[in-house]
Amino acid sequence: LLVLAVAATPWSAAAQADEEPEVFIEEVEIPATPEKLLRGIKHFKNREYGLATLDLWEIVTDDYYAYYHGDASFYLARSLDQLGYPYAALDEYQRFLRLGGDSDQFDKGFEQAVALADELDAGWLLADGLSYHSSDRFGREGGPKAMYWVGKTLFEAGRLAESRAYLQAVPQGSEYYP
C-alpha cells in the first residue's frame, strides 16, 4: 500500500516570505499497524498509563513507524499528563503538533494541548509546534489563544514579520486580540 507523505515548511516561514508553504510529496510504504501501538492504546483506555507510555514511546522513536507517530504521540502526551507529568505531556504535544496534524486525533489533541498550556501558563512551550499550522487550521475555542502565543513568542525572538502574521490572525473581540 502506498500513500503520499507531505512534509511542509512552518507556516510562519512562508508567511514571512509572503508565499505558500513549501510542500514535498513522496510515495512511501505504510507498514502494518504495529502491535505496540495497539497495545499502548489499549493500556491507555484501561487507565494503565505507565504501561501505555512504554509501548507508545517505542513507536514515536522508531522512524520505521513514522506513519503512526501522530496517533502514538497523541496517546503518549495524554498518558504523561495522566501520570502527573504535565510539562512532559506539553513536550509530547509539541511533537504531535509538529507532525503536521495527519493524526485522526488532531483536533482533540490540539484542544487538549492548548488547555494544558493555558492551565500551566506555558503557551510558549507549544509555539514551535503551532507555527507549523495556519490560523484557519484551529477551531474557535483555542485558536485565538494559540495564534497569540505563537505571535508573542516570535515577537520576543525578534521575528517581527512572522509575529505580525500570527497576531493579525487573532480575531478582533477576542481577549487575546493585541
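Residues numbered from 1 in each chain as written. Predicted model: local features only at pLDDT ≥ 70, side-chain atom pairs only at ≥ 80, totals over all residues. Heavy atoms only, no water.

Q: What should I look at first to understand the overall build of the protein in this one?
A: Helices and strands together make up the secondary structure of the protein, namely nine helices and two strands. Going from N to C terminus, the protein has its helices and strands arranged as β-α-β-α-α-α-α-α-α-α-α. Burial status across the protein gives 42% buried among its 178 residues. Pairs at least 24 apart in sequence give 55% of the contacts found in the protein among residues at least 6 apart. For the protein, the exposed area adds up to about 10300 Å²; of that, 48% sits on carbon and sulfur atoms. (Helix = DSSP H or I, 4+ residues; strand = E, 2+ residues; numbered from the N terminus. Buried < 20%, exposed > 50% of the residue type's maximum accessible area, 1.4 Å probe, protein only. Contact = heavy atoms within 4.5 Å. Areas by Shrake-Rupley, 256 points an atom, 1.4 Å probe, with all protein chains shown as cover.)

Q: What is the right way to read helix α6 (residues 106-119) from this model?
A: Structural remark: α-helix, 3.6 residues per turn; residues separated by three or four positions point the same way. Spanning 14 residues, α6 covers 20 Å between terminal C-alpha atoms, matching the ideal 20 Å at 1.5 Å per step. Along α6, the positions that sit buried rather than exposed are F106, G109, F110, A113, V114, L116 and A117. For α6, the buried positions fall inside an angular range of 165° around the axis, keeping them on one side. More than 90 degrees from the buried face of α6, the exposed residues found are D107 and E119. Tucked inside the fold, the buried residues of α6 contact α4 (69-82), α5 (86-98), α7 (127-130) and α8 (143-156). (Expected span 1.5 Å × (residues − 1). Arc of directions from axis to C-beta.)

Q: Mind showing me how you'd approach the packing of α4 against α5 here?
A: What describes two packed helices is the angle between their axes and the distance between those same axes. Axis separation between α4 and α5 bottoms out at 7 Å; the angle between their running directions is 165°. With respect to their mutual orientation, α4 and α5 come out roughly antiparallel. The element α4 and its partner α5 pack so that their crossing is left-handed. Contacts between α4 and α5 involve G70, S73, F74, L76, A77, R78, L80 and D81 from the first element and P86, A88, A89, E92, Y93, R95 and F96 from the second. (Axes fitted to C-alpha atoms, helices over the stretch in contact; angles between N-to-C directions. Parallel < 35°, antiparallel > 145°, perpendicular 65-115°, else oblique. Left-handed = near helix turned anticlockwise from the far one by under 90°.)

Q: Whenever I open this one, the packing of aromatic side chains confuses me. Can you help?
A: One pair of aromatic rings is described through two measures. These are the centre distance and the angle between the planes. A complete count under the given rule lists eight aromatic pairs for this structure. Note on F44 and Y75: the rings are 5.3 Å apart at their centroids and 65° apart in plane angle, and the pair reads as edge-to-face. Of this pair, F44 sits in helix α2 (residues 35-45) while Y75 sits in helix α4, and the two are 31 residues apart along the sequence. For F44, a relative accessible area of 9% corresponds to the buried category. Residue classification places Y75 among the buried residues on the basis of a relative accessible area of 9%. Ring geometry for Y64 against Y65: centres 4.9 Å apart, planes inclined by 80°, an arrangement best described as edge-to-face. Residue classification places Y64 among the exposed residues on the basis of a relative accessible area of 56%. Each residue in the set F44, Y49, F74, Y75, F96, F106 and F110 is aromatic and connected to the rest through ring pairs, giving one cluster. (Phe/Tyr/Trp six-rings, centres within 6.5 Å; stacked < 30°, edge-to-face > 60°.)

Q: Explanation requested: the packing of α2 against α4 in the structure shown.
A: Closest axis-to-axis distance for the α2/α4 pair is 10 Å, and the angle between their directions is 30°. Looking at the two axes, α2 sits roughly parallel to α4. Once α2 is placed against α4, the crossing between them reads as left-handed. In this structure, α2 contributes L37, I41, F44 and K45 to the contact, and α4 contributes A72, Y75, R78 and S79. Each residue belonging to the contact of α2 with α4 can be placed in one class, and the counts come to five nonpolar, one polar and two charged. (Nonpolar A, V, L, I, M, F, W, Y, C, P; charged D, E, K, R; others polar.)

Q: Help me understand the layout of surface pockets, please; the structure alone is not making it clear to me.
A: One way to see where empty space is left: roll a probe the size of a water molecule over the atoms. Roughly 170 Å³ of volume is contained in the second largest pocket. Lining the second largest pocket are A117, D118, D121, A122, G123, W124, Y148, W149, K152, T153 and E156. Taken together, the elements giving at least two residues each to the lining of the second largest pocket come down to α6 and α8. Per-element tally for the lining of the second largest pocket: the top contributor is α8, with five residues. Residue classes in the lining of the second largest pocket are distributed as five nonpolar, two polar and four charged. (1 Å grid on protein atoms, 1.4 Å probe; cavity = no way out; pocket = protein on both sides within 12 Å on 5 of 7 lines; lining within 4 Å. Points joined across faces, edges and corners; volume = space filled by probe spheres on them.)

Purely geometric numbers; function is a separate question.
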